[in-house]
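Residues per chain, in single letters:
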Amino acid sequence: MKTITGRSIVVKKVAGGTVSESYAVGKNAQLILVYVVDGSTDTDVSPSVHLVGTGASATIISLISGSAHGKIRVHTLQHHVASGTTSDLLVKSVLRGHSEALYDGSIRVDASAQKTDAYQRNENLLLDEHTHATSSPALEILANDVRCTHGAVVKTLDENELWYLCSRGIDRDTGRDMIASGFLKSALTRITDEKDRTLVEQKISEF
Amino acid sequence: MKTKSPISGKYKYGFHKPEHYVFKSARGLDIEGVRNISLHKHEPAWMLERRVMAHMIFTKKALPTWGADLSTIKFDDIFYYIKPTDKKANRWEDLPPEIRDTYDRIGIPEAEKKFLAGVSAQYESEVVYKSIQNSLSKKGVIFLDMDSGLRQYPDLVRQYFGTVIPSGDNKFAALNTSVWSGGSFVYVPKGVHVDLPLQAYFRINAANMGQFERTLIIAEEGSYVHYVEGCTAPIYSTDSLHSAVVEIIVKKGARVRYTTIQNWSNNVYNLVTKRARVEEEGTMEWVDGNLGSKVTMKYPSVYLMGRKARGEVLSIAYAGPNQHQDAGGKAVHYAPETTSQIISKSISRGGGRTSYRGLVEVFPGAHYCKSKVVCDALILDDSSRSDTYPTMKINEHQTQIEHEATVSKIGDEQLFYLESRGISKPQAESMIVNGFIEPIVRELPLEYAVEMNRLIQLQMEGSVG
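Residues numbered from 1 in each chain as written. Chains lettered and ligands numbered in written order. Predicted model: local features only at pLDDT ≥ 70, side-chain atom pairs only at ≥ 80, totals over all residues. Heavy atoms only, no water.

Take the overall build of chain A next. Each helix and strand counted, chain A has three helices and twelve strands in total. Here the C-alpha atoms of chain A give a radius of gyration of 18 Å, agreeing with the 17 Å that 2.2 N^0.38 yields for 207 residues. Principal-axis analysis of the C-alpha atoms places the extent of chain A at approximately 55 × 35 × 30 Å. Counting the 207 residues in chain A, one finds 55% classified as buried. Sequence separation of at least 24 residues holds for 77% of the intrachain contacts in chain A that already meet a minimum separation of 6. When the accessible area of chain A is evaluated, it comes to approximately 8800 Å², of which 49% is carbon and sulfur surface. Measuring between centres, the 22 positive side-chain charges of chain A sit 5 Å from its 25 negative side-chain charges. (Helix = DSSP H or I, 4+ residues; strand = E, 2+ residues; numbered from the N terminus. Rg over C-alpha atoms; globule rule 2.2 N^0.38 Å. Buried < 20%, exposed > 50% of the residue type's maximum accessible area, 1.4 Å probe, protein only. Contact = heavy atoms within 4.5 Å. Areas by Shrake-Rupley, 256 points an atom, 1.4 Å probe, with all protein chains shown as cover. Lys, Arg positive; Asp, Glu negative; His and termini not counted. Charge placed at Lys NZ, Arg CZ, Asp CG, Glu CD.)

Rendered as structure tokens:
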């Protein structure tokens, strides 16, 4: 378990293999955790974030590109232990070829964690016929003065968007790639501080 | 409401009816017991065979490892079959005053509440029942209890029984298949539109609140029927385990709506399997309200088998002290252009726990299907709990699947606003809760909707008064 005090930005690239890590976010500390996953082979990513200090906050983002026969498992835990804590999670995947994304994640709010604000979202864009997505988000709330929201979407490419790009002289394949990369990158807008976001974007471009 | 509720927070709305029976099986379940039930009912051999097979599956299958805690069920301590005598003519006045009072406050009509309380209001009801039966049989609609259904239409029952929920589906479906008794049998012929909702409690010729009810509804092409079971009035039961199975077959272009209001007393495990098979362009709607019981595990399902089939599940769960409502819905898309919607609203208070558990599954080849799941939960105090466990398995890329869930408490601003208008806190809270469940309550038949609102108000008063 890594303990976070103050502000911490962690950006990681994962390509195959297993990444399992847990963070304890202390009083008024802030964690921004970003995974960029190249899922052309089997990949497991399992972050657990425990908000143990009052006023702690965490933003967790995963950008997944699945291709070939890659099977990408993402297993997350947002565990609110202390009161007045905030967590915000977004897992986005674009799937091509025969790839498969399996997301399961929980928000757990202990009875001690009043005034929790927790958000969890999983979005999957299925580009090819043989792709699969399974999403099992879960909420377990033991406190009452909280706001917890989660959402999940599985969808395919919007033909109207593609048609629009084609009408502007962009060929279909390029158009598809543009939409897919826009779909992933828009996840970074969850990082509200502009400086932090620029920093994360810069780190990603170096991968 | 100015008067203080006579009902304390612990009030279970329970009451006792003395037991009168002519046949009662021994406690526990063995293969002999299962044979005896079938023998006693003079059933055809194939049904006995089904029961025996199901009993074997029941003994082999493990309890589900997820959901509510079921380890305290004592399967060996249960009477699996009781044949009731004719109803004894108790007097309405003989009921405990608080029960009469609850019925009065919920606003149940005189004739109905006597019937619900098990006293003899059969003369009035019988007239209503007979005239409904006449108009139904003119259209060719069959509406019987399941035992009579099997006796009078053995071929029809044999053709469909267990085709939607086989005995091996889960431990409780197996249990039900081996010991079932009562429930309804409904057959609606092609193109027939049944205008009045069919209500289970009009069927007074048999015990209507069975422990192991078995219901089978068949809606032929282009037909429509609305079936209503249960009632908002509290039902006391001495049985600790209720395990019903409901199978519905919706043929091409037909539409079936099935409304349940469950308000068992707080000692009951309510473990029910409900599933509908929907063919091309058919529509199935489940409206499911769970207020009572100790533990409920119930996930009404739609299996969308034909093109453009549609399924809807509307669910309300309310968990008070010592209650766990594990409810939700399942939509399984097998065919292209199928659509489904699951809307769940849950409220937990006084240490109660509500869980939404659901599944949306899309099979390969089910192009262009759409599904939307929305779960909203209210937690009213800090000793209560709310969970959401949705699962989505999507194996087809041309789809649009959405899920949203929110858990929150009653907004302080909302309360403050109402209180500033001179409304007391308890009253304001029950107004907000009633507003919260309104989108589902308005789908109920009017009399149920009114009763439901009053019941919620009553329960809320007990908690915060």
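Once the structure has been displayed, the description carries forward.
Moving on, we get to the overall build of chain B. Within chain B, the regular secondary structure consists of eleven helices and 21 strands. Taking all 465 residues of chain B together, 58% fall into the buried category. Within chain B, contacts between residues at least 6 apart in sequence are counted, and of these 86% link residues at least 24 apart. Surface summary for chain B: the accessible area is close to 18800 Å², and the carbon and sulfur share equals 51%.

Right, let's talk about unusual backbone geometry for a bit. Despite not being glycine, Asn-28 of chain A shows a phi value in the positive range, around 55°. Looking at the element boundaries, Asn-28 of chain A is found in the loop between β3 (17–25) and β4 (30–39). The class for Asn-28 of chain A is exposed, based on a relative accessible area of 56%. Despite not being glycine, Glu-337 of chain B has its phi angle at roughly 60°, a positive value. Along the chain, Glu-337 of chain B turns up in the loop between β16 (324–333) and β17 (339–348). When its relative accessible area of 30% is taken as the criterion, Glu-337 of chain B is described as partly exposed.

Burial of strand β11 (residues 132–141) of chain A is extensive: eight of the ten residues sit out of reach of the surface. As defined by bridge partners, strand β9 (residues 100–109) of chain A adjoins β11 of chain A across ten bridges and the pair is classed as parallel. Bridged to Val-109 of chain A within β11 of chain A is Ile-141 of chain A. In the sheet, β11 of chain A pairs with strand β20 (residues 385–394) of chain B via six bridges, with the strands oriented antiparallel. Looking at β20 of chain B, one finds that Ile-141 of chain A is bridged to Ser-386 of chain B. (Pairing = 2+ DSSP bridges.)

Another aspect to go through is the pattern of salt bridges. With the rule as written, the count across this model stands at 36 salt bridges over all chains. One salt bridge connects Lys-251 of chain B with Glu-220 of chain B, and the closest N-O pair in it is separated by 3.3 Å. One end of the pair, Lys-251 of chain B, is in the loop between β9 (245–250) and β10 (255–262); the other, Glu-220 of chain B, is in the loop between β6 (214–219) and β7 (224–230), with 31 residues separating them in the sequence. Its salt-bridge partner being Lys-409 of chain B, residue Asp-412 of chain B comes within 3.1 Å of it at the nearest N-O pair. A relative accessible area of 45% means that Asp-412 of chain B is categorised as partly exposed. Taken together, the shared-partner salt bridges in this structure form one network comprising Arg-108, Asp-110 and Glu-140 of chain A together with Arg-353, Arg-385 and Asp-387 of chain B. (Salt bridge = Lys/Arg side-chain N within 4 Å of Asp/Glu carboxyl O.)

Looking now at the interface of chain B and chain A. The partner chain A presents 32 residues to the 30 residues of chain B that form the contact. Roughly 2500 Å² is buried in total at the junction of chain B and chain A, and carbon and sulfur atoms are behind 49% of that figure. When residues of chain B are sorted by the area they lose upon contact with chain A, Met-392, His-397 and Val-407 of chain B head the list and together hold 23% of the total. Applying the counting rule to chain B against chain A returns two salt bridges. With a closest N to O distance of 3.3 Å, Lys-409 of chain B and Asp-145 of chain A form a salt bridge. For the pair chain B and chain A, the interface holds 14 residue pairs in polar contact (both at pLDDT 80 or more). (Buried area = accessible area lost by both parts, 1.4 Å probe. Polar contact = N/O pair within 3.5 Å; in protein donor to acceptor, adjacent residues only side chain to side chain.)

Residue and element names in this part refer to chain B. You can see Ser-355 is positioned in strand β18 (residues 353–362). A polar atom in the side chain of Ser-355 sits 3.2 Å from the side chain of Asp-387. In contact with Ser-355, other than residues within four places in its own chain, are His-324, Gln-325, Asp-326, Ala-327, Asp-387 and Tyr-389.

Turning our attention to the packing of aromatic side chains. What describes a pair of aromatic rings is the distance from one ring centre to the other and the angle between the planes of the rings. All names here are of chain B. In the structure shown here, the tally under the stated rule is eleven aromatic pairs over all chains. When the ring of Phe-58 is compared with that of Phe-75, the centres are 5.5 Å apart and the planes differ by 70°; the resulting orientation is edge-to-face. A residue pair is termed long-range when its members are at least 10 positions apart, and Phe-58 in helix α2 (residues 45–60) and Phe-75 in the loop between α2 and β2 (82–84) qualify at 17 residues. Taken individually, Phe-58 and Phe-75 each receive the classification buried, so the pair is uniform in this respect. With centroids separated by 4.4 Å and ring planes inclined at 10°, the aromatic side chains of Tyr-334 and Phe-363 adopt a geometry described as stacked. Taken together, the residues span a long stretch of sequence, with Tyr-334 in the loop between β16 and β17 and Phe-363 in the loop between β18 and β19 (369–379) at a distance of 29 residues. A connected cluster of aromatic rings, assembled from ring pairs, spans Phe-143, Tyr-227, Tyr-258 and Trp-286. Residue placement shows Lys-41 over the ring face of Trp-180; its charged tip is 5.6 Å from the ring centre. (Phe/Tyr/Trp six-rings, centres within 6.5 Å; stacked < 30°, edge-to-face > 60°. Lys NZ or Arg CZ within 6 Å of the ring centre and 35° of its normal.)

Looking now at the environment of Leu-157 of chain A. Inspection of the secondary structure assignment puts Leu-157 of chain A in the loop between β12 (147–156) and α1 (159–167). Aside from chain neighbours lying at most four places away, what touches Leu-157 of chain A is Leu-125, Leu-126, Leu-127, Leu-162, Arg-176 and Ile-179 of chain A.

This part takes up the confidence of the model for chain B. Residue and element names in this part refer to chain B. Predicted confidence across chain B gives a mean pLDDT of 81, with 78% of residues reaching 70 or more. Scored below 50 in pLDDT, residues 117–127 makes 21 contacts in the model with residues more than four places away or belonging to other chains. Here residues 202–209 is modelled with pLDDT under 50, and outside its nearest four sequence neighbours on either side it reaches 24 contacts, counting other chains as well. Listed scores for the predicted complex are pTM 0.81 and ipTM 0.73. (pLDDT = per-residue confidence, 0-100.)

Membership of the largest hydrophobic core comes to 81 residues, with the highest contact counts inside it found for Leu-31 of chain A together with Ile-248, Met-284 and Trp-286 of chain B. In terms of residue count, β19 of chain B provides more of this core than any other element does, five residues in total. When near neighbours in sequence (up to four residues on either side) are disregarded, Trp-286 of chain B contacts Val-246, Ile-248, Tyr-258, Lys-274, Arg-275, Ala-276, Pro-300, Ser-301, Val-302, Glu-312, Val-313 and Leu-314 of chain B. Judged by nonpolar contacts, the second largest core, of 25 residues, contains Val-287, Leu-378, Leu-415 and Ala-449 of chain B. (Core = buried A, V, L, I, M, F, W, Y, C linked by side-chain atoms within 4.5 Å.)

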